[in-house]
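# Coordinate inspection notes
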Amino acid sequence: MAKTLELQFGNELGSTVTVSVDAPKETLTDEEITAAMDGLLTADIFTSSGGNLTVKKGARVVERNVVELEII
């Protein structure tokens, strides 16, 4: 099962921008994620077509199951 941590931010135009992290650590806490998001906003290293990231909107872990099928 593949897991991805999606960090959602708002940009200067009010659009949502998602930063994805593959295979996040299982023991991440809400506080650690919040601190990381604050750090990304403070560092101001990401931009989007709608401008710089300005606000945290949310975070979520997405799990994906892939079942390979044998095609004959």
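Data block above holds the structure.
Parameters at a glance
Residues numbered from 1 in each chain as written. Predicted model: local features only at pLDDT ≥ 70, side-chain atom pairs only at ≥ 80, totals over all residues. Heavy atoms only, no water. Helix = DSSP H or I, 4+ residues; strand = E, 2+ residues; numbered from the N terminus. Buried < 20%, exposed > 50% of the residue type's maximum accessible area, 1.4 Å probe, protein only. Polar contact = N/O pair within 3.5 Å; in protein donor to acceptor, adjacent residues only side chain to side chain. Contact = heavy atoms within 4.5 Å. Pairing = 2+ DSSP bridges. Salt bridge = Lys/Arg side-chain N within 4 Å of Asp/Glu carboxyl O.

Its location among the elements puts E6 in strand β1 (residues 2-11). Here E6 falls in the buried class, since its relative accessible area comes to 14%. At 2.7 Å, the side chain of E6 forms a polar contact with the side chain of R60. If sequence neighbours within four positions are ignored, E6 has contacts with T18, V19, S20, G58, A59, R60 and V62.

Turning our eyes to something else, we now look at the pairing of strand β4 (residues 51-64). Taken together, the ten bridges between β1 and β4 define a ladder with antiparallel strand orientation. Bridge pairing links F9 to K56 in β4. As paired elements, strand β3 (residues 47-48) and β4 share two bridges and run antiparallel to each other. Bridge pairing in β4 links T47 to N52. What sits between β3 and β4 in their antiparallel hairpin is a turn of two residues.

To continue, consider the pattern of salt bridges. The full count for this structure, using the stated rule, is four salt bridges. Two residues, E26 and K3, come together in a salt bridge whose shortest N-O distance is 3.2 Å. One end of the pair, E26, is in the loop between β2 (16-22) and α1 (30-43); the other, K3, is in strand β1, with 23 residues separating them in the sequence. Judged by relative accessible area, which is 25%, K3 ranks as partly exposed. For E63, the salt bridge is made with K3, and the minimal N-O distance between the two is 4.0 Å. Here E63, found in strand β4, pairs with K3, found in strand β1; they are 60 residues apart in sequence, far enough to count as distant. Put simply, K3, E26 and E63 are held in one network by salt bridges that share partners.

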